[in-house]
Amino acid sequence: MIGWIGGFLCCLQCLAQELPQLTFTPQWLPQAQFAGYYVAQKKGFYKAEGLDVRIVHPSPSVNSVEYLRNEQSDITTQFLTSAFAFRDAGVDLVNIAQISQNSALLFVSKKEKGIMELSDLNGKKIGIWRSGFDEVAREIIKSNNYQVQWVPVLNTVNLFLSGYLDAMTVMWYNEYDQIIQSGVNEEELNRIFFSDCGFNIPEDGLYCLNKTLIQRGDDLLKFVRATLKGWEYAKENKEETLSIVLEEMKKNHVPTNKAHQAWMLDKVLLMIDPGSKNVKKGELAESDFVKTQNMLFEAGNIKARTAFKEFYKPVMKNK
Amino acid sequence: MKIQFNMNKSLSLRIAVYVLSFCMLLFLLVLLVFFFFSRKQIEEMTLKNAEIITSKSAMDVERTILPIIRVAQNYKWILENKQQSSAELYEMTRQVVENNPDVIGSAIAFEPNFFEKEGLYFSPYSYRENDSIKSMQLGNASYDYFYMDWYQIPVATGKSGWSEPYHDTGGGNSLMTTYSVPFYKNVNNEKKIAGVITFDLSLNKFTDSVSSLKILETGYATVLSANGTFVTHPKKELIMNQTIFSYASEINNPELREIGRIIQKENSGYVSSTLNGVERMLYFKKLSSSNWSIAVVFPKSEMYLPLHKISIILIVLVCIGLLLLAVIVSKIISRQIIPLRHFAGSAREIAKGNFSNQLPLIKRNDELKDLHNSFEYMQRKLTQYIEDLKQTAIAKEKIESELRIAREIQMGMIPKIFPPFPNLIEIDLYATLHPAKEVGGDLYDFFMLDENHICFAIGDVSGKGVPASLFMAVTRTLLRSVAPDQMTTRGIVNSLNKSLSTNNDSNMFVTFFLGIIELNTGIMTYTNAGHNPPVLIHPNGEVKAFEMTKDIPVGVFETFEYEEKTLRLSDNDKLFLYTDGVTEAENKEEEFYSEKRLITMLSKNYSLTPKDLISVVSGDVALHVNENEQSDDITMLSIVYYGSKR
């Protein structure tokens, strides 16, 4: 009898072991920015690779890297610049795939403020996120020797809308559309894209702790493969992707707004395309790495430099 | 009778149709005017109503907000002018929550490091939890309030205002907004920002009251935040998830986006737009203490729904009315024209000759009475006329009968038995007289003066009819009476002339040809008193008219002396005498038969006996005249002289 029960428990264990679990934590709440991951899960691409992927969103006040460090999660997305900062702070973070190849950041200003080009920002009040993603904006201003008043903001565009700010650093796929959706017409806005200022710094990449890569390199490869497939599918099936995203948002009780998510999906898909960069989808160009590292190092954002190979350990190439 | 009946029917029907058409036109006009003005009225009323509803709703909010604004102003003054201990600050926040049921929480948040002993964050906060009020210090590293909209924006802009709506984090689905008022302190004689007083307000009461607003059938009210976020809306999924702009983008309606911008910019107003396929009216009003707006939206068509209902009822009623009117008008007219039908019957009776037929009785003094009088007059006149006609006909009949007798007498006066002298071998004779009227003025006669002399005559009295016939009778009688005494044509004619000219008051005369043939010799003496020259027909076919006479007709001059001429007839010579009724016989084209045609006819038939000759000429004249009316007496006389040796 005891032997029989023991056998049964053993069998259950076997079943659980059959699909290795992987927890993925995107760096923010559910939205179209992570459409590829939701699609890969919903369409069963992860399962097809033999993975049981759980997507756990971080709480707004806790960075997703904390989830890796606390072993609550195996893999996360981060901005390239943020990843440097985390590494510099001692987190053994490695890039296993670079999803976004382009910068979606820009300075937006109301036309009435008369900011037509970068130099017009000199001496102006510029809104900037308090919680990161500010390095490139600061570097652009600094490298041009402009003096500006940085005004830290949390996560809304309301201070910009109030007219207090002259310009604001926004994400093309997110805050820029929030401004539009608050009643400001596009023709009433001026845009200065970072990519047009010589700072086309890649953004979202997939990161894990180095030890996770060593332990579960195979699973991570499967994850990246299925994820890229998810993004490919999203590009070809925008409507379906949109409803998958909205469903995920509803599930997590995040306010849904189809128009905004559609806008975001469109722009995020544009960011993934390497364009003229000499890399394939999912790869990090060494030149981008070097430029970003130099920028951060010179700005004092990081204290030490890292070798490209230490930073970027693509699971796809490992295979 | 049936036709008459239908005519009556159609007359009443026609008038009914005319009346109906006019009434319909009139009604249509009235309806249009009614519709037009009512539409305008309803439009104005509905819009006014929408305005009132919105304003009332806005006022409800203001009423809730006003005490809080007052408290805020008091607190601001206290904070700016007095020094408070930490405990006092907590108490202030506690009191405002306690005293204002709409306030869920209240904070007095200070600038970083405002109080040295309190550190970076200092924000006494009291909030309602279940039935008790709790207090805490709000700021810490994970709640860095300096960068929260409720703090950062009033500090940056120096303006009080409502935050964008948010969900209550304390649980429940309560929608919240935070009313923030910045306050300042004088530091080294310089007014410096010190912090922000906040009041967390539950929007539930407000949203419930707005949600319950109903305008017309499906109209609703909605609340939009400063950014255009739906704070309330019948579509629950829009609330907090969408702004009017994102919704416009989602349903691909740029017009709605424009409306959203108008609502953001203006304080109040109307806009109309086609939303989800329905034309809708929208009235909006901004809440005076914020940039939030209340808007009522209703389908334009529903505005006119009551009007449409009334109009349909009206149309149905009027249609029934018009139908009744048509029936009644038709009936009335039918009744009114019943006498006409009777008059029609009377007219037929009168036409049949029944003049004394009873006319319909008309008591009214109108056109029908006139018609009745006219009919009566006609009846009377017709009766009288027919009576007169009867008398005239009797008189005419009498005259005609007398004329018939006169004709018989006249015809009896001329010899009509042919051959007249069967034993006389020297001659054959034939004559005809066809008066144009009952009695005529032509005459012919022949008689033996003695055994060897035959006297013959032909004459034509001027004029026609009874006077001419009487004159002819006189002439004939005189001829017979004077001939035996005179024995010569000249003597006879002179004697006739004298007698007829005497006392000839009527100035009548007669052309007259008189001849006497001596049978044994064939010598013919003759006198022609103004008559057509007779024609001499030789047996060889030679035809020749006598010379024209210079003698005047008999009865003109009493003393006129007539000539006598002599002619010797050869054997088988034929004479043809005629009156101008022959040569002047007219056809329809007013062409005379003519002497020429007569001579030709005689030449062709020279060998015929007198009877046949006259018959042939008669036939030819009839042919010429065709069916034209005979205008003059036609008299012909022909004598053939066979010779004494036969």
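We now turn to the structure provided with this report.

Procedures and definitions
- Residues numbered from 1 in each chain as written.
- Chains lettered and ligands numbered in written order.
- Predicted model: local features only at pLDDT ≥ 70, side-chain atom pairs only at ≥ 80, totals over all residues.
- Pairing = 2+ DSSP bridges.
- Helix = DSSP H or I, 4+ residues; strand = E, 2+ residues; numbered from the N terminus.
- Axes fitted to C-alpha atoms, helices over the stretch in contact; angles between N-to-C directions.
- Contact = placed C-beta atoms within 7 Å.
- Parallel < 35°, antiparallel > 145°, perpendicular 65-115°, else oblique.
- Left-handed = near helix turned anticlockwise from the far one by under 90°.
- Nonpolar A, V, L, I, M, F, W, Y, C, P; charged D, E, K, R; others polar.
- Core = buried A, V, L, I, M, F, W, Y, C linked by C-beta atoms within 7 Å.
- Buried ≥ 20, exposed ≤ 12 C-beta atoms within 10 Å, placed from the backbone.
- Domains from an automatic or database assignment.

### A short note on the pairing of strand β11 (residues 278–286) of chain B
Looking along a regular strand, one sees side chains alternate from face to face of the sheet.
Residue and element names in this part refer to chain B.
1) Next: Examined bridge by bridge, strand β10 (residues 268–275) and β11 share 8 bridges and lie antiparallel to one another. Residue pairing for β11: Thr 274 is matched across the bridge by Glu 279.
2) Next: Taking the residues between adjacent antiparallel strands as the criterion, β10 and β11 are bridged by 2 residues, where Asn 276 takes a positive phi near 50 degrees.
3) Next: For β11 and strand β12 (residues 293–299), the ladder comprises 7 bridges, and the chain directions are antiparallel. For Tyr 283, the partnering residue across the bridge sits in β12 and is Val 296.
4) Next: Hairpin connection from β11 to β12: 6 residues lie between these consecutive antiparallel strands.

### Some words on the sheet that holds strand β17 (residues 523–529) of chain B
Residues and elements named next belong to chain B.
1) Next: Here 5 strands make up an open sheet; going across it, the order is β14-β15-β16-β17-β20 and the pairing antiparallel. The open sheet terminates on both sides in strands that have one partner only, identified here as β14 (442–448) and β20 (565–568). Here the strands of the sheet are splayed against their neighbours by 15 degrees on average, with no regard to which way each runs.
2) Next: As paired strands, β14 and strand β15 (residues 453–461) are joined by 7 bridges and run antiparallel to one another. Paired with Leu 443 across the strands is Gly 459, a residue of β15.
3) Next: Relative to β15, helix α11 (residues 465–486) is tilted by about 160 degrees, and along the sheet it contacts β14, β15 and β16 (510–518).

### What about the sheet that holds β10(B)?
Residues and elements named next belong to chain B.
1) Next: Spatially, the 5 strands line up as an open sheet ordered β9-β8-β12-β11-β10, and their pairing is antiparallel. The open sheet has two free edges, formed respectively by β9 (230–232) and β10, since each of these has just one partner strand. For this sheet, the mean angle separating the axes of adjacent strands, direction not counted, is 30 degrees.
2) Next: Sheet topology note: the strand β8 (residues 220–224)/β12 ladder contains 5 bridges and is antiparallel. When the sheet's bridge partners are listed, Leu 224 is paired in β12 with Ser 293.

### So, the packing of α11(B) against helix α12 (residues 489–501) of chain B
Residue and element names in this part refer to chain B.
1) Next: Contact geometry of α11 with α12 gives a least axis separation of 9 Å together with a crossing angle of 135 degrees. Between α11 and α12, the angle is such that the two are oblique. Crossing of α11 over α12 shows right-handed handedness. Touching Val 474, Thr 475, Leu 478, Leu 479, Val 482, Ala 483 and Gln 486 of α11 are Gly 491, Ile 492, Ser 495, Leu 496, Ser 499 and Leu 500, all from α12.
2) Next: Across the contact of α11 with α12, the residue classes tally to 8 nonpolar, 5 polar and no charged.

### Things to note about the nonpolar core
1) Next: Core analysis: the biggest nonpolar cluster contains 167 residues, and Ile96(A) and Ala295(B) have the highest contact counts within it.
2) Next: In terms of residue count, helix α1 (residues 2–81) of chain B provides more of this core than any other element does, 10 residues in total.
3) Next: Residues from two domains meet in this core; each of domain 1 (20–102 + 202–318) and domain 2 (105–197) of chain A gives at least three.
4) Next: Look past the residues within four positions of Ile96(A) in its chain and what remains in contact with it is Leu206(A), Tyr207(A), Cys208(A), Leu213(A), Leu220(A), Val224(A), Lys313(A), Pro314(A) and Val315(A).
5) Next: Leu433(B), Phe446(B), Met472(B) and Ala585(B) belong to the second largest nonpolar core, which has 60 residues in total.

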